[in-house]
Amino acid sequence: MDVFGIEGPVRLSGSVTINGSKNATLPIMAAAILAAGKSVLSAVPHLSDISVCGQLLGRLGCKLSRGSNGNLCIDSTVIDNPVGEYEIVRRMRAGICILGPLLARCERAEVSMPGGCAIGDRPINIHIRGLRELGAKIHLKNGYIIAEASKGLKGKDIFMGGPFGSTVLGTANVLMAATLAKGKTIIESAACEPEIADLANCLNKMGAKITGIGSPRLTVEGVRELRPAEHRVIPDRIEAGTFMVAAAITAGKLHLHNCRLDDMMAVVDKLRNVGVTIDAAGDGCVVTRTGPIKPGDITTQPYPGFPTDLQAQFMALLSLAEGNSIIIEKVFPDRFMHVAELNRMAANLRKEGPTVIVAGVKKLIAAPVMASDLRASAALVLAGLAAEGTTAVSRVYHIDRGYEKIEERLNPVGAKITRESD
Ligand code: EPZ
């Protein structure tokens, strides 16, 4: 397993181009199941999660290839094994989003339950409820979801809200299944994340009839079949937010290219509130921090609220604020594996249930720390950029799941990160 050595403090300055969105790519890869033939996705990042999703599709019978231009071609002509195996799904929980497309295409599917992970339980009860509403017969057996729809799926009005609001991949699963259901489906309390809008836009290119895109109510007129499409995935707003925090925590200045500020208004608002300057510039923005980091308060919510996927990164930033901040996690209340690790770096964080009180400190001190999940790991890298000394971050594979060669993108703008195999 690789270890990062991160020398700090550094001040980042220069330009970084944001990659395509991991969380848009994964459901869109699953959508290729719906239309027999070759779909081509562009701006797809080279990430381990994307490779694992490719393995999952390969086991179904799809053929995948990467062109010299980086485009990902998915040939779903043959789907002869509608099974999402545990040994793959347990490594990448987003694999659950093949369930809806398999049901719609093959009228049956066996997909492993995702299981829990470092950020908490990953229940799928709302996914299952929505697909049952469309007429699927679903039962659980030996850790697998066994689903069938021998008479096909039938459109329905479906409420998809849960105790934590909407579900992103639950919306994706039901939306994809509804495109080939007979009749009209209304999905109320649908996730409004830009990644779901990107999925819906891609499905419409494939011949689906989806309206209300970007709103909490999606309306789908079922069609008989879909055709393969070509699609460029949207920029990764979570990667962009991570690099924004990198500029802010190092009192630096980064020009981010291929960054859609429209998808990030809650993040930009919070960064500006704590003293960061963000100016739109060309196809992205310039992020600068010259004065002190002011304390702030953050509550994570479904889109358009502040994204849970940037909670850890913001905690690293607010650890150095001039005063006390409050962070409340309303989406994944246990998503605090980074708290103990940041405290090892002399942060002053106190967890009270789904809330963390962040008492700002003057400086962070390098220490050996352990990555636990994708975004917590990113927070440790950000803290290492600002901390005094060389921070060792182990289990870097967590970072590689969601950030393409992050050290090769940060070092050219002033970071000093080495990657060693331990
Ligand atoms: C997606 O996960 C993202 N992953 C996550 O990003 C992100 O944190 C999450 O949405 C929230 O924005 C991908 O898109 C691949 P949810 P998802 O279903 O869809 C509860 C990252 O770092 N819930 O929206 O699995 C659930 O427990 C990853 O890139 C139910 O109760 O998340 C949670 O509290 C991590 N029942 C809340 O809803 C269900 O059936 C939101 O979860 C489904 C979810």
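Residues numbered from 1 in each chain as written. Predicted model: local features only at pLDDT ≥ 70, side-chain atom pairs only at ≥ 80, totals over all residues. Heavy atoms only, no water.

A. Structural view of the nonpolar core. The biggest cluster of nonpolar side chains holds 75 residues, and the ones touching the most others in it are Leu34, Ile98, Leu131, Leu175, Met176, Leu203 and Met206. The contacts of Met206, once residues within four sequence positions are left out, are Ala31, Ala32, Leu34, Ala35, Leu226, Arg227 and Ala229. Core analysis: the second largest hydrophobic core is formed by 73 residues, Val287, Ala321, Phe336 and Leu382 among them. (Core = buried A, V, L, I, M, F, W, Y, C linked by side-chain atoms within 4.5 Å. Buried < 20%, exposed > 50% of the residue type's maximum accessible area, 1.4 Å probe, protein only. Contact = heavy atoms within 4.5 Å.)

B. View of the pattern of salt bridges. Here the structure, examined in full by the defined rule, presents 15 salt bridges. For the salt bridge of Glu195 with Arg237, the shortest nitrogen-to-oxygen distance reads 2.8 Å. Highlighted residues: Glu195 in helix 7 (residues 194-205) and Arg237 in helix 8 (residues 237-249), separated in sequence by 42 residues. Linking Glu407 and Arg419 is a salt bridge whose minimum nitrogen-to-oxygen distance equals 2.7 Å. (Salt bridge = Lys/Arg side-chain N within 4 Å of Asp/Glu carboxyl O. Helix = DSSP H or I, 4+ residues; strand = E, 2+ residues; numbered from the N terminus.)

C. Molecular detail of the sheet that holds strand 19 (residues 324-329). Taken in spatial order, the 4 strands make up an open sheet running 18-19-21-20, and their pairing is mixed. Each edge of the open sheet carries a strand with a single partner, namely strand 18 (297-300) and strand 20 (349-352). Averaged over all adjacent pairs, the angle separating strand axes in this sheet is 15°, with direction ignored. Where strand 19 and strand 21 (residues 355-359) come together, 5 bridges link them in antiparallel fashion. Looking at the pairing, Asn324 lines up with Ala359 of strand 21. (Pairing = 2+ DSSP bridges. Axes fitted to C-alpha atoms, helices over the stretch in contact; angles between N-to-C directions.)

D. Region of the structure containing the domain arrangement of the chain. When the domains of the chain are assigned, the result is domain 1 (2-19 + 235-421) and domain 2 (22-232). Listed as interface residues are 24 residues of domain 1 and, on the opposing side, 19 residues of domain 2. Here domain 1 packs against domain 2, burying approximately 1800 Å² in sum over the two surfaces, 53% of which is carbon and sulfur. Summed over the shared surface of domain 1 and domain 2, the result is 2 salt bridges. Note that Arg401 and Asp49 form a salt bridge whose closest N and O atoms lie 2.7 Å from each other. Of the residues contributing to the side of domain 1 that touches domain 2, the split by class is 8 nonpolar, 3 polar and 13 charged. (Domains from an automatic or database assignment. Buried area = accessible area lost by both parts, 1.4 Å probe. Nonpolar A, V, L, I, M, F, W, Y, C, P; charged D, E, K, R; others polar.)

E. Main features of the packing of helix 4 (residues 99-106) against helix 6 (residues 168-178). Where helix 4 contacts helix 6, the two axes come as close as 7 Å, and the packing angle between them is 15°. Overall, the two elements helix 4 and helix 6 adopt an arrangement that is roughly parallel. For helix 4 against helix 6, the interelement crossing comes out right-handed. Counting all contacts with helix 4, which are made through Leu99, Gly100, Pro101 and Ala104, the residues of helix 6 involved are Asn173, Met176 and Ala177. Residue composition of the contact of helix 4 with helix 6, grouped by class: 5 nonpolar, 2 polar and no charged. (Parallel < 35°, antiparallel > 145°, perpendicular 65-115°, else oblique. Left-handed = near helix turned anticlockwise from the far one by under 90°.)

F. Up close: unusual backbone geometry. In this structure, the amide linkage connecting Gly8 to the following residue, Pro9, adopts the cis form with an omega of -5°. Inspection of the secondary structure assignment puts Pro9 in the loop between strand 1 (2-8) and strand 2 (13-17). A cis amide bond links Tyr303 with the next residue in sequence, Pro304, at an omega value of 10°. The backbone phi angle of Asn258 is positive, close to 60°, even though this residue is not glycine. Its location among the elements puts Asn258 in the loop between strand 15 (253-257) and helix 9 (265-273). On the basis of relative accessible area, Asn258 is assigned to the partly exposed category, the value being 26%. For Ala346, which is not glycine, the phi torsion reads 75° and is therefore positive. Relative to the helices and strands, Ala346 is located in the loop between helix 11 (337-344) and strand 20.

G. The arrangement of the pairing of strand 8 (residues 137-141) in detail. Here 5 bridges tie strand 8 to strand 9 (residues 144-148), and the two strands are oriented antiparallel to one another. Note on strand 9: the bridge partner recorded for Lys141 is Tyr144. Connecting the antiparallel pair strand 8 and strand 9 is a turn made up of 2 residues, with Asn142 showing a positive phi of about 50°.

H. Focus on the packing of helix 1 (residues 22-31) against helix 6. At a closest axis distance of 11 Å, the pairing of helix 1 and helix 6 adopts a crossing angle of 20°. Comparing their axes, helix 6 and helix 1 come out roughly parallel. Between helix 1 and helix 6 lies a crossing of right-handed hand. Listed contacts from helix 6 to Pro27, Ala30 and Ala31 of helix 1 are Leu169, Ala172 and Met176.

I. The arrangement of the site of the ligand in detail. In the vicinity of the ligand, 24 residues are found, and the nearest of them are Asn125, Ile126, Thr167, Asp309 and Val331. The contact in question runs from an oxygen atom of the ligand to an N or O atom on the side chain of Arg335, over 3.3 Å. Calculation on the ligand without its partners gives an accessible area of 830 Å², and the protein chains cover 90% of this total. Breaking the shell around the ligand down by element, the ones donating at least two residues are helix 1, helix 5 (125-133), helix 6 and helix 12 (374-386). Here the residues of the shell around the ligand sort into 12 nonpolar, 6 polar and 6 charged. (Near = heavy atom within 4 Å. Polar contact = N/O pair within 3.5 Å; in protein donor to acceptor, adjacent residues only side chain to side chain. Areas by Shrake-Rupley, 256 points an atom, 1.4 Å probe, with all protein chains shown as cover.)

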